[in-house]
Amino acid sequence: MAQKAFDQETLTCAICLEVLKDPVTIPCGHSYCRRCINDHWDQEEGKSEFSCPECRESFSPRPVLVKNIKMAALVEQMKKTGLTQPPADDCEAGPGDVPCDLCTDRKLKAVRSCLQCMASYCKTHLQPHYDAAAFQKHQLVAPSDKLQEYLCSEHSEVKKMFCRTDQQLVCVVCCMDQHKGHDTVSSAAERAREQATLEKSKTQLIKTISDRETDLKRLQQESQAISRSAQEAVQRSGDSFTEMILLLEKRRSEVEQQIRSQEKSQLTRVQELQDQVELDISDLKRTISEMDTLLNSPDHNHFLQHFSDLTKERSITAVSGVRPEELCYFDSVTTAVSALREKLQLSVTQGLTEVSTALSEVDTLLPSREAFLKYACDITLDPNTANKHLRLSEGNRRATFYTEPQNCSHHPDRFRIWQQVLSREALTGRCYWEAEMRGKHGVRLAVAYRNIDKTAVGFGTDHSSWTLDWFSKSYSYEFNNVRSTVTGPVSSRLGVFLDHSAGHLSFYSVNDQALTLLYRVKAQFTQPLHAGAWVISDEHTVYFPKIK
C-alpha cells in the first residue's frame with residue numbers, strides 16, 4: 001500500500017492530475033506530461049520567460065523538452081503490475097460524489113447526468129446514450145445531484161433558453177409566456193457570448209498575474225539589493241572605525257614615546273646637575289677639612305703660606321631656586337591631550353548625527369513623495385539649448401514641439417537635429433524634480449552632461465545621457481543606445497531622483513501623490529548633470545512644474 005501511494009503521488013502530473021503520459025522533465029527538475037507542459041507554455045507564448053507551474057521558476061528561452069526515461073519506465077511498470085490508480089470512471093462513489101442511478105449492489109461514480117432522463121450514469125450505464133439512436137439528442141451534462149435545478153419549476157421543461165432582459169435561464173414555454181417579447185436566446189448562444197467575455201477577463205487576469213510576478217521579482221531583487229548594500233555599509237563603516245581606532249592608537253603611541261623621550265632627556269639633564277653638585281659638595285668638604293688642619297697647625301709660617309690658597313673663590317654649579325612643588329612638568333601635555341579628546345568627542349558626535357541622518361534617508365523601492373520633496377529643485381529650461389522646433393513658455397518651464405521652426409539665433413549650445421533641450425540648472429548632490437507630459441507619441445525624459453554632442457547625438461544614444469521614454473501606455477529606458485522595456489503604472493507625471501555623489505538615478509510614476517519606482521540606474525557620474533527632454537512629435541509638450 002505504501003508503494004502504491006508513493007507511485008501514484010510521484011507519477012502524477014501536477015497539471016492534469018493524472019498518471020504521467022510521455023513524461024518529460026524541465027530544468028528545475030519537475031516532471032509533466034509532454035502535452036500538458038506544452039499547452040501550458042503555449043499560453044505564455046509572447047512572453048520573454050516561461051515558468052514552472054509548481055515552483056514558478058522562470059526560464060528563457062523556452063526549454064527544449066527531454067523525455068524522462070526512468071519516469072516513463074516506472075509508469076509502464078505500474079501499468080503492467082496493476083499498481084496504477086483505477087480509472088476515475090470505475091471508482092466507487094464516495095462522499096461528495098454523484099452515484100450512478102442504475103447501479104444496484106455497488107454504486108459507482110457517475111460520469112454524466114442526462115437532463116432528459118433526469119438521471120446520472122456511470123461509464124457502463126452511460127454507454128447506451130452513445131450507442132442508441134433514441135438517446136442521441138439527449139443533453140448530457142457534468143454529473144450533478146441537483147438535476148431539478150436544470151428544470152423550470154413551473155413547466156417542468158429543461159431550461160434551454162436565456163432571457164437577457166431578466167438575466168435568467170428559462171424554458172421554451174417561458175419564452176412564449178411570461179418572457180414573451182423579451183430578448184431571449186439559446187443558452188448555448190448566450191454562453192458563447194459570455195465565454196468570449198470570460199476569456200477576455202481571463203487574459204486580463206493572466207496579464208495582471210504576469211505584472212504582479214514582475215513586481216514580485218523586482219521586490220525580491222530590491223530585498224537582495226538592500227541586504228547587499230547594508231552588508232557593504234556594515235563592512236565599510238566597520239573598516240572606517242577600525243582605521244580610526246588604529247590611527248588613534250598610533251597617535252597615542254607616538255605621544256607616549258614623545259613623553260618618555262622628553263622624560264629621559266630631562267632626567268639626564270637633572271642627573272648631570274646632581275652629579276656636579278655632589279662633586280662640588282665633596283670639594284667643599286675637603287677644603288673645610290684642610291682649613292681645620294690649617295687652623296690647628298702651631299706653625300705660624302705654614303699657616304701663612306697656605307692661608308691664601310684656602311680662601312680663594314671657588315666655582316659652584318648654579319641650580320634653580322624653584323621648589324619642586326612649584327613645577328608643573330608634563331601637566332601642559334595632559335591639558336593638550338584633554339583638549340584633543342574634547343574636540344574628537346565633539347567631532348564624533350557631529351559625525352554620528354550625520355550618519356543617523358543618512359540612515360533615515362536611505363532610499364528604498366517604496367519611498368514617499370514627501371520624503372523626496374525636501375530635495376526638490378526648480379527646473380527651468382535653457383533657451384540657448386532648445387532646438388529650433390521647440391517653443392519655450394511659462395517661464396521656460398514648458399517645451400512644445402512645432403513643425404514650423406521657431407525664429408531663434410545661432411548658439412553653440414543649441415541642439416541641431418533632435419527636438420531636445422537642457423535645463424539651466426547644474427544638478428549635483430541630491431535632487432528631485434517632476435515633469436508632466438502631454439501627447440500620444442511620447443516624450444523622452446533625460447538627464448545628461450552639459451557637454452553632450454549637440455550636433456548629432458540624441459538623448460540615450462551615447463554614454464553621456466540617461467533616458468526614460470514616456471508613451472501614453474508604456475515606458476522604456478535607454479542608455480548608450482541600449483533599450484530596456486519598463487513596466488509600471490502609466491502616469492502623465494513622472495518624478496526623477498538623483499543622488500549624484502552616490503551614483504543613483506531613479507525614475508518614478510507619480511499618481512495621487514504616490515510614487516512607484518519604474519527604473520533605477522547605478523552609475524558613476526563624472527560631471528554635474530542637467531535635466532533634459534526630447535519632445536518627439538508635433539504639439540507634444542513637457543512641463544517642469546514647481547513642486548517646493
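Residues numbered from 1 in each chain as written. Predicted model: local features only at pLDDT ≥ 70, side-chain atom pairs only at ≥ 80, totals over all residues. Heavy atoms only, no water.

## Quick notes on a nonpolar patch on the surface
Turning to step 1, where the next piece is worked out: On the surface, Phe241, Met244, Val348, Leu352, Val355 and Leu359 cluster together into a nonpolar patch covering about 550 Å² of accessible area.
Turning to step 2, where the next piece is worked out: Ranked by the residues each element gives to the nonpolar patch, the list is headed by helix H8 (residues 331-360), at four residues.
Turning to step 3, where the next piece is worked out: Mapped onto the secondary structure, Val348 falls in helix H8. (Patch = residues over 30% accessible without salt bridge, like charges linked within 9 Å, V, L, I, M, F, W, Y side chains within 5 Å. Areas by Shrake-Rupley, 256 points an atom, 1.4 Å probe, with all protein chains shown as cover. Salt bridge = Lys/Arg side-chain N within 4 Å of Asp/Glu carboxyl O. Helix = DSSP H or I, 4+ residues; strand = E, 2+ residues; numbered from the N terminus.)

## Quick word on the packing of helix H6 (residues 187-295) against helix H7 (residues 300-310)
Turning to step 1, where the next piece is worked out: Running from amino to carboxyl end, H6 crosses H7 at an angle of 160°, the nearest separation of the two axes being 10 Å. As far as their axial angle goes, H7 and H6 are roughly antiparallel. Every pair of crossing elements has a handedness; the one defined by H6 and H7 is left-handed. Of H7, the residues touching H6 (which contributes Thr287, Glu290, Met291, Leu294 and Leu295) are His302, Phe303, His306, Phe307 and Leu310.
Turning to step 2, where the next piece is worked out: The residue makeup of the contact of H6 with H7, split by class, is six nonpolar, three polar and one charged. (Axes fitted to C-alpha atoms, helices over the stretch in contact; angles between N-to-C directions. Parallel < 35°, antiparallel > 145°, perpendicular 65-115°, else oblique. Left-handed = near helix turned anticlockwise from the far one by under 90°. Contact = heavy atoms within 4.5 Å. Nonpolar A, V, L, I, M, F, W, Y, C, P; charged D, E, K, R; others polar.)

## Some words on the packing of aromatic side chains
Turning to step 1, where the next piece is worked out: The tally for this structure, following the rule as stated, stands at 12 aromatic pairs.
Turning to step 2, where the next piece is worked out: Both rings, one in Tyr375 and one in Phe497, keep their centres 5.8 Å apart while their planes meet at 50°; by these two values the pair is tilted. On the criterion of sequence distance, the pair formed by Tyr375 in the loop between helix H9 (369-373) and strand E12 (390-393) and Phe497 in strand E20 (residues 493-499) is long-range, its members being 122 residues apart. With respect to class, Tyr375 is no different from Phe497; both count as buried. (Phe/Tyr/Trp six-rings, centres within 6.5 Å; stacked < 30°, edge-to-face > 60°. Buried < 20%, exposed > 50% of the residue type's maximum accessible area, 1.4 Å probe, protein only.)

## Side note on the sheet that holds strand E18 (residues 475-479)
Adjacent strands of a sheet form backbone hydrogen bonds with each other and so pair up, either parallel or antiparallel.
Turning to step 1, where the next piece is worked out: The sheet built from six strands is open, its strands ordered E14-E23-E16-E17-E18-E19 with antiparallel pairing. The sheet is open, and its two edges are formed by strand E14 (420-422) and strand E19 (482-486), each paired on a single side. The mean angle between the axes of side-by-side strands here comes to 20°, regardless of whether they run parallel or antiparallel.
Turning to step 2, where the next piece is worked out: In terms of strand pairing, strand E17 (residues 465-470) meets E18 through five bridges, oriented antiparallel. (Pairing = 2+ DSSP bridges.)

## Regarding the side chain of Ser113
Turning to step 1, where the next piece is worked out: By secondary structure assignment, the location of Ser113 is in strand E6 (residues 112-114).
Turning to step 2, where the next piece is worked out: Among the polar contacts listed, one links the side chain of Ser113 to the side chain of Ser120, at a separation of 2.6 Å.
Turning to step 3, where the next piece is worked out: If we ignore the near neighbours within four places in the chain, the residues touching Ser113 are Ala119, Ser120, Gln139, Leu140, Val141, Ala142, Pro143, Ser144 and Leu147. (Polar contact = N/O pair within 3.5 Å; in protein donor to acceptor, adjacent residues only side chain to side chain.)

## A word on the pattern of salt bridges
Turning to step 1, where the next piece is worked out: Summed over the entire model, instances satisfying the criterion amount to 26 salt bridges.
Turning to step 2, where the next piece is worked out: Here Glu434 makes a salt bridge to Arg369, at a shortest N to O gap of 2.7 Å. Here Arg369 lies in helix H9 and Glu434 lies in strand E15 (residues 430-438), a separation of 65 residues in the sequence.
Turning to step 3, where the next piece is worked out: The exposure class of Arg369 is buried, given its relative accessible area of 8%.
Turning to step 4, where the next piece is worked out: Of the charged contacts in the structure, one is a salt bridge between Glu434 and Arg493, with a shortest N-O distance of 2.6 Å. In this pair, Glu434 is assigned in strand E15 and Arg493 in strand E20, connecting sequence segments 59 residues apart.

## Focus on the confidence of the model for the protein
Turning to step 1, where the next piece is worked out: Mean pLDDT for the protein: 85, with 93% of residues reaching 70 or above.
Turning to step 2, where the next piece is worked out: This stretch, residues 1-6, has a pLDDT under 50; its non-local contacts, to residues over four places away or in other chains, come to one contact. (pLDDT = per-residue confidence, 0-100.)

## Let's talk about unusual backbone geometry
Turning to step 1, where the next piece is worked out: Going from Ser60 to Pro61, the amide bond is cis rather than trans, its omega being 0°.
Turning to step 2, where the next piece is worked out: For Pro61, the position within the fold is in the loop between strand E4 (58-59) and strand E5 (66-67).
Turning to step 3, where the next piece is worked out: Positive phi is not limited to glycine here, since Asp22 has a value of about 50°.
Turning to step 4, where the next piece is worked out: With respect to the element layout, Asp22 can be found in the loop between helix H1 (2-10) and strand E1 (23-25).
Turning to step 5, where the next piece is worked out: Phi at Glu394 is positive, roughly 50°, even though this residue is not glycine.
Turning to step 6, where the next piece is worked out: Looking at the element boundaries, Glu394 is found in the loop between E12 and strand E13 (398-401).
Turning to step 7, where the next piece is worked out: According to the relative accessible area criterion, Glu394 is partly exposed, its value standing at 44%.

## So, the sheet that holds E1
Turning to step 1, where the next piece is worked out: Here we have three strands laid out as an open sheet, ordered E2-E1-E5, and antiparallel in their pairing. Pairing within the sheet leaves two strands with one partner each, and these edge strands are strand E2 (31-33) and E5.
Turning to step 2, where the next piece is worked out: Sitting on the sheet, helix H2 (residues 34-43) touches E1, E2 and E5, and the angle it makes with E2 is about 90°.

## Describing the nonpolar core
Turning to step 1, where the next piece is worked out: Residues Trp433, Trp466, Leu505, Val542 and Phe544 are the most contacted members of the largest nonpolar core, which totals 38 residues.
Turning to step 2, where the next piece is worked out: The contact partners of Leu505, leaving out residues within four places of it in the chain, are Val447, Trp466, Val496, Phe497, Leu498, Tyr519, Arg520, Val521 and Phe525.
Turning to step 3, where the next piece is worked out: Judged by nonpolar contacts, the second largest core, of 17 residues, contains Leu11, Cys13, Trp41 and Met71. (Core = buried A, V, L, I, M, F, W, Y, C linked by side-chain atoms within 4.5 Å.)

## Brief notes about the environment of Ser368
Turning to step 1, where the next piece is worked out: With respect to the secondary-structure elements, Ser368 resides in the loop between H8 and H9.
Turning to step 2, where the next piece is worked out: For Ser368, a relative accessible area of 34% puts it in the partly exposed group.
Turning to step 3, where the next piece is worked out: For the pair Ser368 and Thr516, spaced 148 residues apart in sequence, the C-alpha to C-alpha distance is 9.3 Å.

## Overview of H6
Turning to step 1, where the next piece is worked out: Between the first and last C-alpha of H6 there are 156 Å, a value that for 109 residues agrees with the 162 Å anticipated at 1.5 Å per step.
Turning to step 2, where the next piece is worked out: Among all positions in H6, only Glu190, Ser210, Asp215, Glu222, Asp280, Thr287 and Leu294 are buried. (Expected span 1.5 Å × (residues − 1).)

## Comments concerning the pairing of strand E16 (residues 443-449)
Turning to step 1, where the next piece is worked out: Most of E16 is tucked away: seven of the seven residues are buried.
Turning to step 2, where the next piece is worked out: The alternating pattern of E16 places Val443, Leu445, Val447 and Tyr449 and Arg444, Ala446 and Ala448 on opposite faces, both of which are buried.
Turning to step 3, where the next piece is worked out: Where E16 and E17 come together, six bridges link them in antiparallel fashion. Each bridged residue has a counterpart across the sheet, and for Leu445 the counterpart in E17 is Leu468.
Turning to step 4, where the next piece is worked out: Sheet analysis places E16 next to strand E23 (residues 529-535), joined by seven bridges and oriented antiparallel. Bridge pairing in E23 links Leu445 to Ala533.

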